[in-house]
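Here's the letter readout for the chains.
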Amino acid sequence: MTAVVNSSGPQAGALHIPAPVGLLAELTHRCPLQCPYCSNPLALERVANELPADVWVDVLKQAADLGVLQLHLSGGEPTVRRDLEEIVTGAAKAGLYTNLITAAVLLTRDRLEKLAQAGVDHVQISFQDTEPANADRIAHYERGHAKKLEAAGWVRALGLPLTVNAPIHRQNIESLPAFIELAERLGAQRLEVAHVQYYGWALKNRQALMPTRAQVLKSAEIVAQARERLKGILVIDFVVPDYYARRPKPCMGGWGRGIINITPAGKVLPCHAAESLPGLVCENIQNRSLRDIWLSSDAFQKFRHTEWMQEPCRSCEFKELDWGGCRCQAFAFVGDMRATDPACGKSSFHAAFADTAHGEAASPPGPFVFRNPRASA
């Protein structure tokens, strides 16, 4: 059952707001990899602006008091932070279940042991492909794939649960069966088959990443068969690309309804791409409590319920299931953050949205644009 946080202020009691289940803590935008599908914003946060560990520890206490159960430590690459153990210790003391989301290329066994002792409960490692040369090309990191395999072995040797994250796009989608075999071989408990979602750097590289509709449908068949075969052995999450959908996904489970995202500099967001929306004021955790931001800040209230919706969303029978879909996608494609998500078949922009995917998937992929300009040269 989802906990409920009662609102305070002029409309206290009028609406019940579910307590957030998860907190995505982007500890840094620094990363040794250059993955072209990265969801970080194009304007990356500088290291000088990153929240110090003591502030993060206080934020995690606030999160636990608010009802958060799961902490996802992300970035960029969280292991670039030398004070990561201090942050993990704070999370453990707050009673949070801590998931380390990592590229793993900077990990040593000694560091991983220290993080496990500090309180890391689960490790998620991203793999760019199963074929080493292509994996290292996509990440723009030499011997990265080999280092990931080694780190995955350490995770299992230490008795930690492992998730294999497989970001899928046109340049690795044919490796999906091999990704499933890899997760089995590594002893992972979970595999995330996550078709790339087009925000941040992924949007900038969309033509290089967009698979065909036929490939997407085939990937769904492969996942369905694997789920049946591996029932009780491996959990497989499957995220389909919006460009080939008929129904939109609820943004982060619904805007301001389940997940809090905090940037390296402390901005508190309803989703990781929310800063792309013009005029959306996202408050900083250093200036206001997490509870106040969650309950009553303009950014979290803006699309939380259904009053903001235009037609056809306003009268749609699914409006309290998909909560209007993705606001960032509506703005990126339609130019109106209140518009129906173009992934929805009821949107007047849906045909153009699908045509964009078909056209880009049929075109030569072109070179990647990496986060580091020198890498793209």
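Residues take numbers from 1 onward in each chain, read along the sequence in its written order. Totals for whole chains, interfaces and linings use every residue, but because this is a predicted model, local features are given only for residues with pLDDT of at least 70 and side-chain atom pairs only at 80 or more, for both listing and counting. Water and hydrogen atoms play no part in the side-chain values, which are based on all heavy atoms of the structure.

1. A few points about the overall build of the protein chain
Here comes step 1: Numbering of helices and strands runs from the N terminus; a helix is a DSSP stretch of H or I covering at least four residues, while a strand is a stretch of E covering at least two. A tally of helices and strands in the protein chain yields 15 helices and 11 strands.
Here comes step 2: As defined in this context, the radius of gyration uses C-alpha atoms, and a globule is described by 2.2 Å times the residue total to the power 0.38. A compact globule built from 377 residues should have a C-alpha radius of gyration of about 21 Å, and the protein chain, at 20 Å, falls within 12% of that.
Here comes step 3: In terms of overall dimensions, the protein chain has a C-alpha envelope of 55 × 50 × 45 Å along the principal axes.
Here comes step 4: Sorting the 377 residues of the protein chain into buried and exposed places 53% on the buried side.
Here comes step 5: Computed with the Shrake-Rupley method and a 1.4 Å probe, the accessible areas treat only the protein chains shown as cover for residues. Accessible area of the protein chain: about 16,200 Å², with a carbon and sulfur share of 53%.
Here comes step 6: Between the centroid of the 40 positive side chains of the protein chain and the centroid of its 39 negative side chains there is a distance of 1 Å. Each residue gets one of three labels from its accessible area relative to the maximum for its type: buried under 20%, exposed over 50%, partly exposed in between, using a 1.4 Å probe on protein chains only. In this charge count, Lys and Arg are treated as positive and Asp and Glu as negative; neither His nor the chain ends contribute. Lys charges are placed at NZ, Arg charges at CZ, Asp charges at CG and Glu charges at CD.

2. A word on the packing of helix α1 (residues 53–66) against helix α2 (residues 84–94)
Here comes step 1: At a minimum axis separation of 9 Å, α1 and α2 run at an interaxial angle of 20 degrees. Taken together, α1 and α2 sit at an angle that is classed as roughly parallel. Considering the relative orientation of α1 and α2, their crossing is right-handed. For the pair α1 and α2, contact is made by A53, D54, W56, V57, L60, K61 and A64 and by E86, I87, G90, A91 and A94, respectively.
Here comes step 2: Residues are grouped as follows: Ala, Val, Leu, Ile, Met, Phe, Trp, Tyr, Cys and Pro are nonpolar; Asp, Glu, Lys and Arg are charged; every other residue, Gly included, is polar. Residue classes in the contact of α1 with α2 are distributed as 8 nonpolar, 1 polar and 3 charged. To define axes, lines are fitted to C-alpha atoms, for helices over the stretch in contact only, and angles between the resulting N-to-C directions are given on a 0 to 180 degree scale. With respect to orientation, any angle under 35 degrees is reported as roughly parallel, any angle over 145 as roughly antiparallel, any angle of 65 to 115 as roughly perpendicular, and every other angle as oblique. With the far helix as reference, a near helix turned anticlockwise by less than a right angle produces a left-handed crossing, and one turned clockwise produces a right-handed crossing. When checking whether two residues touch, look at their non-hydrogen atoms; a contact exists if any pair is within 4.5 Å.

3. A few points about the side chain of N134
Here comes step 1: Among the structural elements, N134 can be located in helix α4 (residues 132–139).
Here comes step 2: For N134, a relative accessible area of 14% gives the class buried.
Here comes step 3: Whenever a nitrogen or oxygen atom comes within 3.5 Å of another N or O atom, the pair is scored as a polar contact, on the condition that within protein one atom can donate a hydrogen and the other can accept it, and that pairs from neighbouring residues in sequence are kept only if both atoms are in side chains. Side-chain polar atoms of N134 contact the side chain of D129, separated by 2.7 Å.
Here comes step 4: Excluding residues that lie within four positions of it along the chain, N134 makes contacts with D129, Q171 and N172.

4. Notes on the environment of H29
Here comes step 1: Here H29 shows up in the loop between β3 (22–26) and α1.
Here comes step 2: Taking C-alpha positions, H29 is 9.7 Å from A43, a pair spaced 14 residues apart along the chain.
Here comes step 3: If sequence neighbours within four positions are ignored, H29 has contacts with N40, P41, L44, E45, E50, G76, P264 and R371.
Here comes step 4: A distance of 2.8 Å separates a polar side-chain atom of H29 from the backbone nitrogen of E45.

5. Quick notes on the environment of A361
Here comes step 1: Summarising the element assignment, A361 is placed in helix α14 (residues 350–362).
Here comes step 2: The class for A361 is buried, based on a relative accessible area of 10%.
Here comes step 3: As a C-alpha pair, A361 and V21 span 340 residues in sequence and 36 Å in three-dimensional space.
Here comes step 4: Residues in contact with A361, not counting those within four places in the same chain, are R170, M210, P211, T212 and Y244.

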